[in-house]
Amino acid sequence: MELLIAGPLVYLLSYLIGRIFTEKKGLSIVNGFLILTACLEAGGLFAFLIGGRLSYLAGIWASLSCLLAAVSFLLTRKKRIEVREEKIPISFIGLISLMILIQVSFSVLFTSSADKYAKEIIWAVKSVEQDGTAIAGGGPIFGWWLWIASLSSLTGLHPMTIGKGLMPWIVIPLSYLSYGIFAEEMFQNEKKPPWLFLFFIFLLHLFAFQSEAMGEICLLAVPYGGKAAYVHIILPYLFYMALTFEKTEGRQKWLLLPVLAGACMSTGILGIAGMLLTGTGFLIFHWLNLFREQRKKEDEKDGEMKLGKNIMGIGKKKLFVFLAVLLLFMGGTVFAIIKLNVKINTLYHAARDLEANFSSQVRLYELRQRGEGELTGYAMGLTDGTLVLINGGDENNEEYLHDFIVERGGRVVCWYITDKKDGGAYEAMKKAGYEDIIIEEVVYGEGR
Amino acid sequence: MDFSIQLVKTAYNQYSGTGKILALFFLSLFVLFFMEKEKEKRYMFLYPSFLLLLFALEPVWKGLFAQMGKEALNRKVYFLLPVFLVISVAGIYVTKIPKGKWAKVGTLAMLAGLIAISGKGVWSQYSLSHWENGMKMPLEQKEIMDWILSKENPKALLPEELIPISNQYSSKLHTFYEIQEDGDMGKLGEEQRKVYYQMSIQHMDSQLLVGIARKYGYSYIVLKEEYHFPKTPLSLLKFEKAATYGSYSIYEDREETL
């Protein structure tokens, strides 16, 4: 029940708070969610500094969020009635909902190896159980886990349930919303590209994992992770902001920047550097645009043709940059290949040494019928005086095998019998009930 | 329903891509470099992607990063952060090239196929979770945790696979060591390493394990019956079986009471 209330409540509060910035519904939800995250981050830092409790932080955060939502609702109520948004086709909403549903179901129903090391949940558990915000290893400087901890504190549910059961319902739809608003801005006045873009995103979510190292940013594997939230909610929003930076009202954009920086910092990616990079990145864009506009005006004034165009229509500058980058990477690749070659050689020598070492420590025996007949199996003598047997022949080989095992310590840690016909010796020994040998484990192959 | 889930699961398990998403990412960057007409947009995609890529792949930069320590080295994968955006936007540009309707559909299908095969067969790492407890946590493991947590001294030596899940379940359950977020064991002490090793092998040195458990006041040892075969039975060392949940058994130290 708590899960059913908490999820929609987060969306409602985000939507109401975000309305103050924009008239678009989707955008207001993303804006509001980022504000809630930044508030939580700031509150977490403050609580950490004064040694405050998690329950107080969660309570104050929830109350402030409700208050903020109420105030922004009152401020924007009139505006809401006046402005009508263009309707989105039902088929488009249905398709996107289906994609989100598939992804959320996958995240909720399946568990991956990345799930094992859910540090956000571990920190949230510590925080909830100790009712504190100063958690070793996961301080509130990167406080994305405070989402899990606060919601757990407010609903009384275990952080694992919040992280693995509720967070996919919040993070995955929000991620599509964030990608959606970016696509809408990127492909203005075009109908098909935005949904095609989201379709590609969906496919990439389903198939494109580079490696286990990328598990932390994989939304399917860790929908409760800060880094996944950064890549799939904040990054598309950053790109959207970069596209609209010049169009955004002055006061609004300078207010959104610290909000975005706070949300960015909470996810823990690049830490404080992430926040600084975000800020400086925008400033660079801002100044570059100003500089370009000024230059454009000057060019128009002079009425001169720009230099650097060749007959193929490709700018010389562009070609030069392309070749420079290619050269840089080619040089890097050659260097990397040489390094790889050295590594392979080292590995080869190490493997050869290992093989020699292994051969000197492990003894391999052939088992023959009564010691001299046909080959019936193999035995490995390990360094600790134990044996591993593979097959061993029929019941006539029982005596020989018994003596063989006794001579070599009398202890078999594993007897692997690949086929029924090769297990006769073992069955006979079992019947005989020898007390001077120990057979710890018998494994039968598929042939039995 | 179960059958269809099983079918989907088998299909996922059998899927194995090429893992060449990096090549697709490169290709997409070049597509954006040549096809995006607006300079601002072009810079927007190329600025973070190329810079981060430069840091990640270029040996000189990589070397410099490596000097800054392990944490910095891990950041080499950050060039992949804008990968979703870059590939998807480049995909849109490519679909705009063909003129005819069917040519467009063909291009779209080809791109979808490219994305699918550029991934990596990681589905085999997934398994259906148990939803009995709403935590994606197998029931038997939850019962073990609850049993130990109900005791006065909730300190237990656990098999390696139970450590991460127990850390997520409760910080009150002492597990002698924790496994780092990436499975790294670097911060473990010598005795912690010994326990980790003994719990991970089939024929453990139970005397060593019991010695360490008693030294640090750990009253419980959890073994997986179908896997662990101690060299000396734990009952001979006065650790008696107290409870069994699924394939796991909890052994309790009875030395003082006997």
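Residues numbered from 1 in each chain as written. Chains lettered and ligands numbered in written order. Predicted model: local features only at pLDDT ≥ 70, side-chain atom pairs only at ≥ 80, totals over all residues. Heavy atoms only, no water.

Quick look at the overall build of chain B
Counting its secondary structure elements, chain B contains eleven helices and five strands. Across the 258 residues of chain B, 46% fall into the buried class. For chain B, long-range pairs separated by at least 24 residues make up 57% of all intrachain contacts whose partners lie at least 6 apart in sequence. Of the roughly 12900 Å² of accessible surface on chain B, 57% is carried by carbon and sulfur atoms. (Helix = DSSP H or I, 4+ residues; strand = E, 2+ residues; numbered from the N terminus. Buried < 20%, exposed > 50% of the residue type's maximum accessible area, 1.4 Å probe, protein only. Contact = heavy atoms within 4.5 Å. Areas by Shrake-Rupley, 256 points an atom, 1.4 Å probe, with all protein chains shown as cover.)

Considering the packing of helix H2 (residues 21-35) of chain B against helix H6 (residues 83-95) of chain B
All names here are of chain B. Two elements in contact, H2 and H6, have axes separated by 8 Å at closest approach and are oriented at 55°. Relative to H6, H2 is oriented oblique. The chirality of how H2 crosses H6 is left-handed. Residues Ile21, Leu24, Phe25, Ser28, Leu29, Val31, Leu32 and Met35 of H2 pack against Val83, Val86, Ile87, Val89, Ala90, Tyr93 and Val94 of H6. The residue inventory of the contact of H2 with H6, partitioned by class, reads 14 nonpolar, one polar and no charged. (Axes fitted to C-alpha atoms, helices over the stretch in contact; angles between N-to-C directions. Parallel < 35°, antiparallel > 145°, perpendicular 65-115°, else oblique. Left-handed = near helix turned anticlockwise from the far one by under 90°. Nonpolar A, V, L, I, M, F, W, Y, C, P; charged D, E, K, R; others polar.)

Details of helix H14 (residues 424-432) of chain A
All of the buried residues in H14(A) are A:Gly424, A:Ala425, A:Tyr426, A:Ala428 and A:Met429. Trailing H14(A) by a residue or two, A:Gly433 shows a phi angle of about 65°, which is positive.

Examining the pairing of strand E4 (residues 387-391) of chain A
Residue and element names in this part refer to chain A. Taking burial as the measure, the five residues of E4 include four buried ones, the bulk of the element. Where strand E3 (residues 375-381) lies against E4, five bridges are found, and the strand directions are antiparallel. Each residue of the ladder has a partner; that of Ala379, found in E4, is Leu389. Hairpin connection between E3 and E4: a loop of five residues separates the two successive antiparallel strands, and Gly385 in this loop has a positive phi of roughly 85°. Where E4 and strand E5 (residues 411-419) come together, four bridges link them in parallel fashion. Paired with Ile390 across the bridge in E5 is Tyr416. A crossover connection joins E4 to the parallel E5 through helix H13 (residues 398-407); in handedness this β-α-β unit is right-handed. (Pairing = 2+ DSSP bridges. Right-handed = clockwise from strand over helix to strand, strands pointing away.)

Some thoughts on the pattern of salt bridges
In this structure the tally under the stated criterion is seven salt bridges over all chains. Where A:Glu407 meets A:Arg408, a salt bridge forms, and the shortest distance between an N and an O atom there is 3.4 Å. Assessed through its relative accessible area of 62%, A:Glu407 is described here as exposed. A relative accessible area of 27% means that A:Arg408 is categorised as partly exposed. Between B:Asp146 and B:Lys142 there is a salt bridge whose closest N-O contact spans 3.0 Å. Taken together, the residues span about one helical turn, with B:Asp146 and B:Lys142 both in helix H8 (residues 139-149) at a distance of four residues. What makes B:Lys142 buried here is its relative accessible area of 18%. (Salt bridge = Lys/Arg side-chain N within 4 Å of Asp/Glu carboxyl O.)

Considerations on the pairing of strand E2 (residues 363-368) of chain A
Residue and element names in this part refer to chain A. Note that E2 and E3 share six bridges and pair antiparallel. In the sheet register, Glu366 faces E3, and the bridge partner there is Tyr378. Where E2 folds back on E3, the antiparallel hairpin that results is connected by six residues, among which Arg370 adopts a positive phi of roughly 55°.

Looking at the confidence of the model for chain B
For chain B, the mean per-residue pLDDT works out to 76, and 72% of the residues sit at or above 70. As a predicted assembly, this complex carries a pTM of 0.72 together with an ipTM value of 0.81. (pLDDT = per-residue confidence, 0-100.)

Re the packing of aromatic side chains
Applying the stated criterion to the full structure yields 15 aromatic pairs over all chains. Both rings, one in A:Trp144 and one in A:Trp147, keep their centres 6.4 Å apart while their planes meet at 50°; by these two values the pair is tilted. As far as the burial class goes, A:Trp144 and A:Trp147 line up, both buried. Seen from their ring centres, A:Tyr400 and A:Phe404 are 6.2 Å apart, and the 45° between their planes marks the pair as tilted. Of this pair, A:Tyr400 and A:Phe404 both sit in helix H13, four residues apart, which is roughly one turn of that helix. Look at A:Tyr400 and you get partly exposed, because its relative accessible area is 24%. Ring pairing ties together the aromatic residues A:Tyr179, A:Phe182, A:Phe187, A:Phe197 and A:Phe239, which thus form one cluster. B:Lys151 extends its terminal NZ or CZ atom over the ring of B:Trp147, reaching a point 4.3 Å from the ring centre. (Phe/Tyr/Trp six-rings, centres within 6.5 Å; stacked < 30°, edge-to-face > 60°. Lys NZ or Arg CZ within 6 Å of the ring centre and 35° of its normal.)

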